Each structure stands twice: as C-alpha cells, then as structure tokens.
Amino acid sequence: MAAYLCPPAVIHGEHTVKTSQIVAEVHGRHPDAAWAPRIDGIAASTGIETRGWMLPLETAVAPGKGNGLPAAGVGPTREALAGDGFTEQDVDRVIAALESIPAPQTVQERTAPAWEAVQSYGERAARGALQIAGLDAADVDCVITSNSTTPALPGLDVALANRLGLRSDVMLLPATQWACIAGTRSLALAADLVAADPDRVVLVVISEALSTTYQPADDTLESLIVRLLFADTAVAAVVTGRRRAESVLRLDASWSHTLPGTQDLHRLDTREDGTHFVMDRRGPRAVQETVTAMWDWLGARYQDDPDSWHPDVLLAHPGGTRVLEYMEQTMPDGWPSGLLDYSRDSYTTGNRGGAAVFDIMRRAHDAGQKPGSRAVLYAAAPGLTATALEGQWL
C-alpha cells in the first residue's frame, strides 16, 4: 500500500470560546431545565476549558432577522384575528406583541457565514500543507475534501480549485458525509490513489465548523453536551506515492468497519433553524465494538509476531474520552502505556470531528517521533463506521 504523508497544517478556530461563557449562556436561557443544577458539573467533566470557533459565540446565539409573526405576514394574521372576533385594538396589540418576539435564525442565516469561513479556513490549511510539503498548487493531481456541517453545492472541492488556482484536470473528490472519520478515511483513499499511480500528488483538506450545531433553543441534556464539546478546525496534508524529503509517516495498511443497524445513534438533522447534532447515549458502547474489531484486525495482521509487535503511538478519535478509556482497558496485554496521550491532549480543547486525527498527528509530530516508530490511526463516525490505518514514522 505504501503511501507517504507530509506533516499536516492545522488551523484552529480563531475565536476563543470559554466553557464558562457557554455555561452562563445556557443558564440564562434554560434556568428551569431539569438538568440545570448539573450544568457546572457536566461542563467540568468534559475537561474542556476553551475551544476555538471560526465565528464568535455571539453569532451562534443571536436571534434571526424575523419575528414571531406567522410566515404568512401581517395581513393574513390580522384578518385571521379579526375573523375570530378580536377588536381592532386587540388585533393591533397582538400584532405588536408578535413583532417584538425575536425568531430563531433560519438555516440560511446560520450556515451562510459558516460556509464562508469553512472555505477561507480550508484554503489557508491547503496553502499551509503545500508549503510544508515543498509543493505548489500546480503540483496537485487530486483533492479530497470533507466538510459535514456546512453542506453546499458546489462544495469545498470546487471552492478550493478556484481559490488555489488548481489545474483544470485535477481530480476533485468531495466527501461531505464522512464526519469524524474524514481524517482516516481520506488517507486510506489517498493511499489507494497513489498506489495506482505513484507519481500522483493528493491534497487532503478537511474544514469543519462544528459550532453550527450550537442550537440555543434546544433544551435536552444531549444538546447541552453538544454545546460543550465541539470545536472548529481546518486541516490539510499532502500524500504521495513516493517518499519525499518532507515525508514523515509511511502508511502501510488500512481497515474499515461498519456496524449494521446503528445509523440512528448519532446523526445530523437539518431543520428550519439550522443543523442539529442528535446524540444517543448508546453510541459510545457501539463505538467500542468498532474498537474491538480493530484490535482483531491488528491481531490478524501481526499474528506471526503477536508478542513483540505493538504501536508506539495511537492517534485515535473515537468521539470522546469515554471510548479512549475503553481503548486503554482493552488493549492487548504488554502494550506500553501512554499510547493515547496525544489523543487525550487534543480533546482538552474540543472535539474537532473529521479534523481531529490530523490535529492529533500534528501534536505527535511536533513532540518528535523516532524513525521506525509504529503508528496506528483510528476514528469512528456516525453510521456507525470506523477506519484505521497502520504505518511507520520516517
């Protein structure tokens, strides 16, 4: 399979949002929620004090441009009220009251500015990755993109083709629904592409504005957790079929696994007020099944040397620290401790979705890895589906 990966460029959201700000906003908006007395404890349990967003918190919680009047408008509303026996004075009073009620943002109001940010951040990450790899836009033969939270057509692939000035014959491969596995699955696809043509240069770009799932009006406990977890990040990296001076990781094998009947556990719902991330408490246990399947894959891959082979670093994005703990508990006996340190470190500033594995990889790279050290990359996403890769630091 041998594919070579250059260090990724990572662009964090530039607007720092403190957990204390989110807690204060939720307290003020939902003071009577059943879980209100637990907000502080829940927030502390995430281990996240700040996260970076592409847009400020004020943008997410601002009211829409509309008001409480029905979509039909003032005229039909006035006629309906008058028909029900309201006096003209009462009708005026009701209309004034409805006009004073702020409406939530529409899906367009919520996602349009985020989509602009996703494109801008994606371009910056792409240019950074090309600079790191010592390449120009003219050298790119294929672009793989992913952005699940701001769907658009044309998508990020076409936007980058224009913004970067890519050749007209560049292969564009958008993957808008990969979500949290975008990092690992894009690398697996890139590896297959360069295996078919070792001279091919593949640019991977993932840009996610997960903050668009922050829905102020939602009053469920799961919605509170979503508010606290997500961060915005754009990442990019170059994959080649031949080793370059800038290459830092060789990818040797990939694996994918999908659990049947789990498509409703975690999902995105697009409603009139924007995108909602719906969580199911059964999700982490289902993700654990993909972890077990990955251990089986690695065991079969190294069945002739089960006692001496182990990864030296595990770059994992299973969706949360609860599954990281499960991974530590179920690792084969004899594996060293601390394999997930960089993964845990990434979570302290938020869940980055599809950009997470590249962020974790960058942290491991910056810390320094010995040539020949073995790495496993793993991520799971709504579906539930998972992809892992195994390789070696150069």
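Calculation criteria
- Residues numbered from 1 in each chain as written.
- Predicted model: local features only at pLDDT ≥ 70, side-chain atom pairs only at ≥ 80, totals over all residues.
- Heavy atoms only, no water.
- Salt bridge = Lys/Arg side-chain N within 4 Å of Asp/Glu carboxyl O.
- Helix = DSSP H or I, 4+ residues; strand = E, 2+ residues; numbered from the N terminus.
- Buried < 20%, exposed > 50% of the residue type's maximum accessible area, 1.4 Å probe, protein only.
- Domains from an automatic or database assignment.
- Contact = heavy atoms within 4.5 Å.
- Buried area = accessible area lost by both parts, 1.4 Å probe.
- Polar contact = N/O pair within 3.5 Å; in protein donor to acceptor, adjacent residues only side chain to side chain.

The protein chain goes by Type III polyketide synthase in an unreviewed UniProt entry, where it is assigned to Streptomyces chartreusis.

Peer 1: Which parts of the structure should I look at to understand the pattern of salt bridges?
Peer 2: Proximity of charged atoms lets side chains of opposite charge pair with each other. Counting across every chain of the model gives 18 salt bridges. Of the charged contacts, one joins Arg127 and Glu123 as a salt bridge, the two residues approaching to 3.1 Å between their closest N and O atoms. Of the two residues, Arg127 and Glu123 are both situated in helix H6 (residues 107–133); the distance of four residues between them amounts to about one turn of the helix. Overall, the relative accessible area of 41% leaves Arg127 in the partly exposed class.

Peer 1: I'm lost on the domain arrangement of the protein chain in this one. Help?
Peer 2: Put simply, an interface is often sized by how much accessible area is lost when its parts join up. Along its sequence, the protein chain is organised into domain 1 (3–63 + 104–240) and domain 2 (249–393). Taken over C-alpha atoms, the centre of domain 1 sits 18 Å from the centre of domain 2. The interface of domain 1 with domain 2 comprises 51 residues on the first partner and 43 residues on the second. Counting each side, the surface lost to burial between domain 1 and domain 2 is near 3,700 Å², with a carbon and sulfur contribution of 64%. Taken together, the links from domain 1 to domain 2 amount to zero salt bridges. Linking domain 1 with domain 2 are 14 residue pairs in polar contact (both at pLDDT 80 or more). Going through the elements one at a time, strand S1 (3–5), strand S2 (9–12), strand S4 (50–53), H6, helix H8 (182–196), strand S7 (201–209), helix H9 (221–229) and strand S8 (232–240) are the ones with two or more residues in the side of domain 1 that touches domain 2. Tallying contributions element by element places H8 first for the side of domain 1 that touches domain 2, with seven residues.

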